[in-house]
Amino acid sequence: MTWRPALSRAAMLRHDPVRQTDLLIVPERIVVLNEEAAAIVGLCDGERTVADIVAELPEGAEADVVEFLDRVRAEGWLR
Amino acid sequence: MSAPWAMLAELTHACPLRCPYCSNPVELAARSSELSTGEWQRILAESAALGVVHAHLSGGEPLLRPDLAPIVAAAEGEGVYTQLVTSGVGLTERRLGELAEAGLRSVQLSVQSATGAESDRIAGVASFARKERAAAVVAASGLPFGLNVVLHRENLDAVGEIIELGLSWGVARIELANTQFYGWGLLNRTALLPTREQLARAEATVKNYREKTDVELIWVIPDYFDGVPKPCMGGWGAISITVAPDGRVLPCPAAYDLPLELPNARDHSIGWIWEHSPAFNAYRGTGWMREPCASCPRKELDFGGCRCQAYALTGDAGRTDPACGLSPDHHLLDELAGGGTWTFRRPAPSASGADRSAP
Ligand code: SF4
Ligand code: SF4
């Protein structure tokens, strides 16, 4: 089956108005996302495929995006 | 000054268990002094506005608060991620369902050792069977599930079996936390103190399991033994706040006994406490340090170690943490020998009073 990335139940994505940044919060960790990472995670809605996500991001980023998604999935924060 | 990220909410100091290493203070806050639901809601809102995004809802046993669900809901409403830290006693399917409904994000269950007999002996109360049932309930809920075990002389040799237990319960993370010697842990230090050989064996076992399993194994080092102080709380008043059941606010959960005037959330806003209270400013940064810390290249890395440990062992919270090999007080640790019996957190329960937390 094609992977349609979505946040796992362990993870919460939110904007932090105090620090003006986006955060991914998991049981024992708070991960500060840079703009690119936040944009990618924000597209992980369980509907879009990896190809759909890549298509919505600036051109030439494909390899980085795929690698990033795999890494976040390995951490258990995406399913 | 940066904003705090995380809160440890000690919702009550009451607990059906009696662990001899309990991280609660030796002087437990009375139930009659506990904050109300409305007070917790205000504290969570003020903390979130200040920058807190993560809360451990702990105790004692937080399930003893009948208003836990509204407290979870208040945190969730402020965008604060909540993790329940529980002994498992009282965690029924219905209760967990109510908490998940309110927005609870994850659960950390504690266990005292790998078998029922040992776990109950260390907890001082028959509780393992209930933990097993709680584990099944959490696993079935699909919530992120972590196991927490405090390690010491009496269970370090069982660390492999403890990891196996966690794997069989379906947890995603096992926190193996060596006892910290404050409060109850300090009171029972000789009985809890492991040997170097025990620690080395346990660490090797953990390393071994890391190659065999995807489950995250967190090994919290015992600073008494490696000569390196831990960067306590990421620095004093730098990352997190602890709120006591009665509203006292502390820079660290072990700071109850320090000679500081602890601010109370009943009298002040969390913002004022973080920024202006003398307690939160007492050991902020590096300006308070004396030698050998003041001129040490590691001072921005470990912040001179733990203030509570310095105070507990030397009577002066401004000294270098004796866990540091450079501390003139380091010999206090080298001379220690373990063994003997411990004192439980409270006397043995009487037949009638034992089960007040039964679901
Ligand atoms: S350490 Fe033991 S006695 Fe203390 S709160 Fe946790 S379960 Fe209760
Ligand atoms: S002397 Fe102070 S700053 Fe240096 S390593 Fe020891 S505790 Fe850390």
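In this text, all values refer to a predicted model and were calculated from it rather than measured experimentally.

What counts, and where the lines are drawn
- Residues numbered from 1 in each chain as written.
- Chains lettered and ligands numbered in written order.
- Predicted model: local features only at pLDDT ≥ 70, side-chain atom pairs only at ≥ 80, totals over all residues.
- Heavy atoms only, no water.
- Helix = DSSP H or I, 4+ residues; strand = E, 2+ residues; numbered from the N terminus.
- Rg over C-alpha atoms; globule rule 2.2 N^0.38 Å.
- Buried < 20%, exposed > 50% of the residue type's maximum accessible area, 1.4 Å probe, protein only.
- Axes fitted to C-alpha atoms, helices over the stretch in contact; angles between N-to-C directions.
- Parallel < 35°, antiparallel > 145°, perpendicular 65-115°, else oblique.
- Left-handed = near helix turned anticlockwise from the far one by under 90°.
- Contact = heavy atoms within 4.5 Å.
- Nonpolar A, V, L, I, M, F, W, Y, C, P; charged D, E, K, R; others polar.
- Pairing = 2+ DSSP bridges.
- 1 Å grid on protein atoms, 1.4 Å probe; cavity = no way out; pocket = protein on both sides within 12 Å on 5 of 7 lines; lining within 4 Å.
- Points joined across faces, edges and corners; volume = space filled by probe spheres on them.
- Salt bridge = Lys/Arg side-chain N within 4 Å of Asp/Glu carboxyl O.
- Right-handed = clockwise from strand over helix to strand, strands pointing away.

### Some thoughts on the overall build of chain A
Across its full length, chain A holds 3 helices and 3 strands. Ordered by position from the N terminus, the helices and strands of chain A form the series β-β-β-α-α-α. Taken over C-alpha atoms, the radius of gyration comes to 12 Å for chain A, in line with the 12 Å a tight globule of 79 residues would show. Projected onto its principal axes, the C-alpha coordinates of chain A cover approximately 35 × 25 × 20 Å. Looking at chain A residue by residue over its 79 residues, the buried ones come to 42%.

### A closer look at the packing of helix H1 (residues 37-50) of chain B against helix H2 (residues 68-77) of chain B
Residue and element names in this part refer to chain B. For the pair H1 and H2, the least separation of the axes is 9 Å and the interaxial angle reads 20 degrees. As judged from the angle between their axes, H1 and H2 are roughly parallel. Like other packed secondary-structure pairs, H1 and H2 cross with a definite hand, here right-handed. Within the contact between the two elements, H1 uses Thr-37, Trp-40, Gln-41 and Leu-44 and H2 uses Pro-70, Ile-71, Ala-74 and Ala-75. When its residues are assigned to classes, the contact of H1 with H2 shows 6 nonpolar, 2 polar and no charged.

### Looking at the packing of helix H1 (residues 35-42) of chain A against helix H3 (residues 62-74) of chain A
All names here are of chain A. For the pair H1 and H3, interaxial distance at closest approach is 11 Å and the crossing angle is 70 degrees. When the interaxial angle is binned, H1 and H3 end up roughly perpendicular. Across from Ala-37, Ile-40 and Val-41 in H1, the residues of H3 making contact are Val-65, Phe-68 and Leu-69.

### Observations concerning the sheet that holds strand E3 (residues 81-86) of chain B
Residues and elements named next belong to chain B. Read across the sheet, 9 strands follow the order E7-E6-E5-E4-E3-E2-E1-E8-E9 without closing on themselves; strand pairing throughout is mixed. Strand pairing shows two members of the sheet lacking a second neighbour, strand E7 (216-220) and strand E9 (249-250), which therefore form its edges. As judged from the 5 bridges shared by strand E1 (residues 6-10) and strand E2 (residues 54-58), these two strands associate in the parallel manner. In the sheet register, Ala-6 faces E2, and the bridge partner there is His-54. Against the sheet, helix H5 (residues 128-141) touches strand E4 (106-110) and strand E5 (145-151), its axis set at about 160 degrees to E4.

### Points about the layout of surface pockets
Of the pockets and cavities examined, the second largest pocket occupies roughly 460 Å³. Lining of the second largest pocket is provided by 18 residues; of these, Glu-75, Gly-76 and Trp-77 of chain A together with Ala-172 and Glu-216 of chain B occupy positions nearest its centre. For the lining of the second largest pocket, the residue count by class is 11 nonpolar, 1 polar and 6 charged.

### Things to note about the pattern of salt bridges
All names here are of chain B. For the structure on display, the rule yields 21 salt bridges over all chains. Put simply, Glu-39 and Arg-266 hold a salt bridge, and the shortest N to O gap is 3.0 Å. Residue Glu-39 is located in helix H1, and its partner Arg-266 is located in the loop between E9 and helix H11 (270-276); the two are separated by 227 residues in the primary sequence. With relative accessibility at 37%, the residue Arg-266 sits in the partly exposed group. Linking Glu-154 and Arg-121 is a salt bridge whose minimum nitrogen-to-oxygen distance equals 2.7 Å. One end of the pair, Glu-154, is in the loop between E5 and helix H6 (159-169); the other, Arg-121, is in helix H4 (residues 116-123), with 33 residues separating them in the sequence. Note on Glu-154: relative accessible area 31%, which makes it partly exposed. Judged by its relative accessible area of 36%, Arg-121 falls in the partly exposed class. Each of Arg-31, Glu-34, Arg-65 and Asp-67 takes part in one network of salt bridges that share partners.

### Notes on the pairing of E1 of chain B
Most of E1 of chain B sits inside the fold, with 5 of its 5 residues counted as buried. Each parallel crossover has a hand, and for E1 of chain B linked through H1 of chain B to E2 of chain B it is right-handed.

### Details of the side chain of Arg-189 of chain B
Here Arg-189 of chain B shows up in helix H8 (residues 189-192). Among all residues touching Arg-189 of chain B, those that are not within four sequence positions of it are Phe-181, Tyr-224, Leu-313 and Leu-336 of chain B.

### Some thoughts on unusual backbone geometry
Residues Gly-59 of chain B and Gly-60 of chain B are joined by a peptide bond in cis, for which omega reads 10 degrees. Among the secondary structure elements, Gly-60 of chain B is positioned in the loop between E2 and H2. Of note, the bond from Glu-291 of chain B into Pro-292 of chain B is cis; its omega dihedral lies within 30 degrees of zero at 5 degrees. Relative to the assigned elements, Pro-292 of chain B resides in the loop between helix H12 (278-281) and helix H13 (299-302). Of note in the backbone geometry, Gln-20 of chain A takes a positive phi value of approximately 50 degrees without being a glycine. Its place among the elements puts Gln-20 of chain A in the loop between strand E1 (12-16) and strand E2 (21-26).

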